[in-house]
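The chain contents come next:
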Amino acid sequence: GFASGIFMLYQMPGFENIHTLSVSRERVSAIAFNESGDWLAMGCATLGQLVVWEWRSESYVLRQQGHYFDVGHAAYSPDGSLIATGADDNKLKVWNLSAGSCFVTFKDHSAPVTAVYFLPSGTAV
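The structure reproduced in this document is the subject of the present report. (Residues numbered from 1 in each chain as written. Predicted model: local features only at pLDDT ≥ 70, side-chain atom pairs only at ≥ 80, totals over all residues. Heavy atoms only, no water.)

## Overview of the overall build of the chain
- In terms of helices and strands, the chain carries 0 helices and 10 strands.
- In sequence order, the secondary structure elements of the chain are arranged as β-β-β-β-β-β-β-β-β-β.
- Relative to the 2.2 N^0.38 estimate, which gives 14 Å for 125 residues, the radius of gyration of the chain is 14 Å and therefore close to what a compact globule would have.
- Principal-axis analysis of the C-alpha atoms gives the chain an extent of 45 × 30 × 25 Å.
- For the chain, buried positions account for 43% of its 125 residues.
- Taking all contacts inside the chain whose residues are at least 6 apart in sequence as the whole, residues at least 24 apart take part in 33%.
- Taking the 7 positively charged and 11 negatively charged side chains of the chain as two groups, their mean positions are separated by 9 Å. (Helix = DSSP H or I, 4+ residues; strand = E, 2+ residues; numbered from the N terminus. Rg over C-alpha atoms; globule rule 2.2 N^0.38 Å. Buried < 20%, exposed > 50% of the residue type's maximum accessible area, 1.4 Å probe, protein only. Contact = heavy atoms within 4.5 Å. Lys, Arg positive; Asp, Glu negative; His and termini not counted. Charge placed at Lys NZ, Arg CZ, Asp CG, Glu CD.)

As structure tokens, then:
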């Protein structure tokens, strides 16, 4: 389903489908769960879109166009208040979930950003 923009959440070990979500018409290119497992951050190919979905209530927390090309990686900060995304547009963006927007963009990369992580303290990305 990732190739068609459809995300499916399964319960293990029975492999029972809990939810199916059509995120985009484009492929889902990145995914990350927050620490509690309630929120999913999904990056979309081609559109450069970030979608944060709360699967228990089936509601969007955030849906923003931020990158110009595929979002290759997403990571939550340890406290879950921020998400960092890296993309094929050579940029790393940090999003504030309570504000619903990107508050800093790092443009210094000369190649696609393929991995993003926060320090365990949450003080650096």
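## Topic: the pattern of salt bridges
- Applying the stated criterion across every chain yields a total of 1 salt bridge.
- Between Arg-56 and Asp-38 there is a salt bridge, with the nearest N and O atoms lying 2.7 Å from each other. Of the two residues, Arg-56 is situated in the loop between strand E5 (49-54) and strand E6 (59-65) and Asp-38 in the loop between strand E3 (28-33) and strand E4 (39-44); the sequence distance between them amounts to 18 residues. (Salt bridge = Lys/Arg side-chain N within 4 Å of Asp/Glu carboxyl O.)

## Overview of the sheet that holds strand E8 (residues 82-87)
- The strand order across the open sheet formed by 4 strands is E7-E8-E9-E10, and the pairing between neighbours is antiparallel. Two strands bound the open sheet, and with one partner strand each, they are strand E7 (71-76) and strand E10 (101-106). Direction aside, the axes of adjacent strands within the sheet are offset by 20 degrees on average. (Pairing = 2+ DSSP bridges. Axes fitted to C-alpha atoms, helices over the stretch in contact; angles between N-to-C directions.)

## Regarding the sheet that holds E5
- Strand order across the open sheet formed by 4 strands is E3-E4-E5-E6, with antiparallel pairing between neighbours. Two strands in the sheet have a free side with no partner beyond their single neighbour: E3 and E6. Geometrically, the sheet is characterised by an average inter-axis angle of 15 degrees between neighbouring strands, direction not taken into account.
- Pairing of E4 with E5, which is carried by 5 bridges, proceeds in the antiparallel orientation. Opposite Ala-41, over in E5, you have Val-52 as the bridge partner.

## Observations regarding the packing of aromatic side chains
- Tallied over the full model, the rule gives 1 aromatic pair.
- The interplanar angle of 0 degrees and the centroid separation of 4.2 Å between the aromatic rings of Tyr-10 and Phe-15 together place this pair among those described as stacked.
- You can call Tyr-10 partly exposed: its relative accessible area is 29%. (Phe/Tyr/Trp six-rings, centres within 6.5 Å; stacked < 30°, edge-to-face > 60°.)

## With respect to the side chain of His-67
- Mapped onto the secondary structure, His-67 falls in the loop between E6 and E7.
- By relative accessible area, which is 2% here, His-67 ends up buried.
- Of the polar contacts made by the side chain of His-67, one reaches the side chain of Asp-89; its length is 3.1 Å.
- With residues near it in sequence (within four places) discarded, His-67 still touches Leu-47, Gly-48, Thr-85, Ala-87, Asp-89, Lys-91 and Lys-93. (Polar contact = N/O pair within 3.5 Å; in protein donor to acceptor, adjacent residues only side chain to side chain.)

By themselves, these are just geometric observations and shouldn't be taken as functional.
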